[in-house]
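# Examination of the molecular architecture
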Amino acid sequence: MNSYLDKEITLYEAIDLNELFENYKKEVSTATKFLKDELNKVEVSGKQKQFYNLNSFEDVKDRFRNILKRAEKIVYINTNLDLFEFEKDFKRLKEKGVRVILFSFNKIDYDSLGVETYIRDSFNFNITNSEKRIMVAVDLFAAIIASNYEGEFCGTYSENKLLINIVTEHIKNDIHLMKLENRFGKDINKIITLDF
């Protein structure tokens, strides 16, 4: 229906239904083209990987299990969590030939899990039984950082390459430092520690 203003009276005229749909189609097409053109002007540098909040211990464990299932080559872990809960997951990784490297400050025998374990117990890292943390990097495709340091368990999951590299390098550096300490003694800490 078209409307016309004739002085102070609005007149209405019926139009063909096909004409109505054609007009509507043109309007939508024009709006869609405009939107597409404007969005093409926005520059995006590569596909951005997001960061996802993990808001509970169950969220952390579920995401950890999920990325372990997807692992193909190597898994780096730094934690003081009880990993025996994930024994079946580690068994599957071993069967697939995935290398699992674990660094921890806790003296726990993880040999039965089939993981490559590095324990740095001489650091005197004082962590209470209630303080838990985990850092994981898998095949350079995913990472988790989580703890209950400030109360409730929370953390971050991401497929962002920068975060994955930071977690991987952190764990590797912990292992290198442990090896230096084993070779040169605890005094190595005095040489390499930065005072802030």
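See the structure shown above.
A brief report on the enclosed structure follows. (Residues numbered from 1 in each chain as written. Predicted model: local features only at pLDDT ≥ 70, side-chain atom pairs only at ≥ 80, totals over all residues. Heavy atoms only, no water.)

## Here we look at the nonpolar core
Core analysis: the biggest nonpolar cluster contains 28 residues, and F64, V75, F90 and V136 have the highest contact counts within it. Counting only elements with at least two residues in this core, the list comes to α2 (57-70), β4 (74-79), α3 (87-96), β5 (99-104), β7 (133-138) and β8 (142-147). Sort the elements by how many residues they give to this core and α2 lands first, with four residues. Contact partners of V136, with chain neighbours within four places excluded, come to F64, I67, V75, Y76, I77, A142, A143, I144 and V167. (Core = buried A, V, L, I, M, F, W, Y, C linked by side-chain atoms within 4.5 Å. Buried < 20%, exposed > 50% of the residue type's maximum accessible area, 1.4 Å probe, protein only. Helix = DSSP H or I, 4+ residues; strand = E, 2+ residues; numbered from the N terminus. Contact = heavy atoms within 4.5 Å.)

## A word on the pairing of strand β9 (residues 154-158)
Note: strand β3 (residues 51-54) against β9, four bridges, orientation antiparallel. In the strand pairing of β9, Y52 is matched with Y157. Both β8 and β9 contribute to a ladder of five bridges, which runs antiparallel. Note that in β9 the partner of A146 across the bridge is G155. (Pairing = 2+ DSSP bridges.)

## Observations regarding a nonpolar patch on the surface
A contiguous nonpolar surface patch, about 300 Å² in accessible area, is contributed by L17, L20 and F21. Residue position: L17 is located in helix α1 (residues 17-41). The class of L17 is exposed, set by a relative accessible area of 52%. (Patch = residues over 30% accessible without salt bridge, like charges linked within 9 Å, V, L, I, M, F, W, Y side chains within 5 Å. Areas by Shrake-Rupley, 256 points an atom, 1.4 Å probe, with all protein chains shown as cover. Salt bridge = Lys/Arg side-chain N within 4 Å of Asp/Glu carboxyl O.)

## Overview of the packing of aromatic side chains
Taken as a whole and assessed by the stated rule, the structure comprises six aromatic pairs. With centroids separated by 4.7 Å and ring planes inclined at 45°, the aromatic side chains of F57 and F153 adopt a geometry described as tilted. With F57 in helix α2 and F153 in the loop between β8 and β9, this pair connects stretches of sequence that are 96 residues apart. Overall, F57 belongs to the partly exposed group, its relative accessible area being 30%. Owing to a relative accessible area of 8%, F153 belongs among the buried residues under this scheme. Taking the centre distance of 5.1 Å and the plane angle of 85° together, the rings of F103 and F105 count as edge-to-face. Among the aromatic residues, ring-to-ring pairing joins F64, F86 and F90 into one connected group. (Phe/Tyr/Trp six-rings, centres within 6.5 Å; stacked < 30°, edge-to-face > 60°.)

## What to know about α3
Those residues of α3 lying buried are D89, F90 and L93. Along the axis of α3, the buried positions cluster into a sector of 95°, meaning they face one direction only. Looking at α3, the residues exposed on the side facing more than 90 degrees away from the buried face are K88, K91, K94 and E95. If you follow the buried residues of α3, they end up packed against α2, β4 and β5. Taken from the residues just after α3, G97 is the one with a positive phi, measuring 80°. (Arc of directions from axis to C-beta.)

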